[in-house]
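# Chains, contacts and geometry: an overview
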Amino acid sequence: MQNPQRPFTSADPDAQSADKLAPVKGRAQVPFLWLLGPLAIVAIYLLDMWMPSHLTIPFCYVATLVLLVAVAGKREKLLIAGVCSAILIIDFYFLARNPMGLAWAQGLSHGLAIVMIWSVTTLGWRHASVEESMRANQRIANERLALINTIYVSAPVGLCFLDRELRYVSVNNALAEMAGHPPDFYLGKLIRDAVPELAEVIEAHHHRVIESGQPVVDVEVNATTQAQPNEQRYWLSSYYPVRDQTGELLGVNVAVRDITRRKQADANALFLLDVGECIRFAADGDELLWAVSIALGEHLRASRCVFVAIDGDQDRIVVQRDYHPHMPSLIGSYSLSSLAPALLDAGRLGQTIVVNDIGSDPRTAAIVEPARRFGIGAAVAVPLVRDGQLISAIIVAMAHAHEWNEREVALINLVAERTWEAVQKLQLDSALRESDAALRDADRRKDEFLATLAHELRNPLSLMRNVVTLQQSAGTPHADPK
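Predicted, not measured: the structure shown is a model, and the values here were computed from it.

Procedures and definitions
Residues numbered from 1 in each chain as written. Predicted model: local features only at pLDDT ≥ 70, side-chain atom pairs only at ≥ 80, totals over all residues. Heavy atoms only, no water. Salt bridge = Lys/Arg side-chain N within 4 Å of Asp/Glu carboxyl O. Helix = DSSP H or I, 4+ residues; strand = E, 2+ residues; numbered from the N terminus. Buried < 20%, exposed > 50% of the residue type's maximum accessible area, 1.4 Å probe, protein only. Pairing = 2+ DSSP bridges. Axes fitted to C-alpha atoms, helices over the stretch in contact; angles between N-to-C directions. Contact = heavy atoms within 4.5 Å. Parallel < 35°, antiparallel > 145°, perpendicular 65-115°, else oblique. Nonpolar A, V, L, I, M, F, W, Y, C, P; charged D, E, K, R; others polar.

Here the focus is the pattern of salt bridges. All told, the structure shown has twelve salt bridges when counted by the stated rule. Linking Asp218 and Arg257 is a salt bridge whose minimum nitrogen-to-oxygen distance equals 3.3 Å. One end of the pair, Asp218, is in strand S3 (residues 216-223); the other, Arg257, is in strand S5 (residues 249-258), with 39 residues separating them in the sequence. You can call Asp218 partly exposed: its relative accessible area is 44%. The class for Arg257 is partly exposed, based on a relative accessible area of 40%. As a salt-bridge pair, Arg233 and Asp258 come within 2.7 Å of each other at their nearest N and O atoms. You can see Arg233 sitting in strand S4 (residues 233-243) and its partner Asp258 sitting in strand S5, a full 25 residues away along the chain.

For the rest of this paragraph, the subject is the environment of Glu421. Here Glu421 lies in helix H12 (residues 406-472). Along the primary structure Glu421 and Ile279 are separated by 142 residues, whereas in three dimensions their C-alpha atoms are 9.6 Å apart.

Let us now look at the sheet that holds strand S6 (residues 304-311). Reading across the sheet, the six strands line up as S8-S7-S6-S11-S10-S9 and stay open at both edges, with antiparallel pairing between neighbours. Strands at the two margins of the open sheet, each flanked by one partner only, are strand S8 (332-335) and strand S9 (353-355). Averaged over neighbouring strand pairs, the angle between their axes works out to 20° when direction is ignored. Across three bridges, S9 lies against strand S10 (residues 378-386) in antiparallel orientation. Following the sheet pairing, Ile353 is matched in S10 by Ala381. This element, helix H9 (residues 285-300), spans S6 and strand S11 (389-398) of the sheet and lies at about 140° to S6.

Below, the discussion takes up the packing of helix H8 (residues 260-281) against H9. Look at H8 against H9: their axes get within 10 Å of each other, and the N-to-C directions meet at 170°. The orientation of H8 with respect to H9, classified from their angle, is roughly antiparallel. Contacts from Ala267, Asn268, Phe271, Val275, Cys278 and Ile279 of H8 reach H9 at Leu288, Val292, Ala295, Leu296 and His299. The residue makeup of the contact of H8 with H9, split by class, is nine nonpolar, two polar and no charged.

What follows is the structure, encoded as structure tokens:
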């Protein structure tokens, strides 16, 4: 089984070490061989002078062959072959002058010896060249293999290779981190044993590649993982057939990209659009808070989501409506001082409060039991402070411990800010409408008053006007003077 950190077979490290040390040894042995090699051949030839005369080939010939095979360097081989050839030529010269021997036989034997020596030397050169070339090719192959292994292991994309039986052969670190297990966990296991929650989906893609021999590219897969069991993860997977030099299918190579952040960003964008529509068409502040609570709670899959009103002077927290699927409602009035002092201090400063685990957070040690009775295991609270007074807050809670990420906290803050701005605008618009209605009512009352006053004044003035008119008209009798 291959090492998950090195998914391809590599050369023996001892052999690599030997390759690195071989040139050093060769350089250290050059002076030694240049001196002892020829001296050994000469010494053996001198000893051979006392050998029986019927032996036509000196023992130095055998020693030369042995040295030619044993010596690795080309220059050493050339020197030894040259010395031995010179000795054989000199030996033949002296033997040819001996009348007791056959010159042609001596010449033939010595000639064959020289041919053999140089044949062995040539073969040794070729062998050394081939061996050196093989070492160079092996070194290049090892370097390329190391590069491939480094890329495979450190690639930001999840990679794995499965054989035709859908058994994991290699898994890189990125894919192991996505799934929440170390690489060794997968090696040698079938898909159904390693990732049973995904077996039904991904096995079909593997079988399709194996049966058709064609890749399957960019297939979206989603599930929860051991690393993050409370969060839905999304991946884009591609499946590629792997063949050997003969074209036989060896298995399937899989490339996996985590697109959870992109999916979450898209979902957040759509959610904020929905919140914007709610704000746009809202006519009442309380109804807007209720609608946003429902939308935010469902989007984050929270156990609770509520906007609370806070009255510090009366020491009260008022919950008018709350989103609480499968949980009892919190509607009612509560004492503000019943909260943990650390939470109140942070809220009065306008700080966002993030609690991943009610039971282990020291700020909530005093309210663990009440929080658990209300089904709160983790929470985020964003306070609203106006003119130095804590007047409201949005609280999003989970039933169990939850590791709130930056995306969730930022989203809650953004929704709270937009919602409170919209509520304040609605309150201001309502106040303006009430003021406008009051002004119109006052103007109407003014008109009614003036109309009534004019009517009341018109009756006595009409009598007086009639009297004056009669007095000024001709033929009107004057009163008798007394």
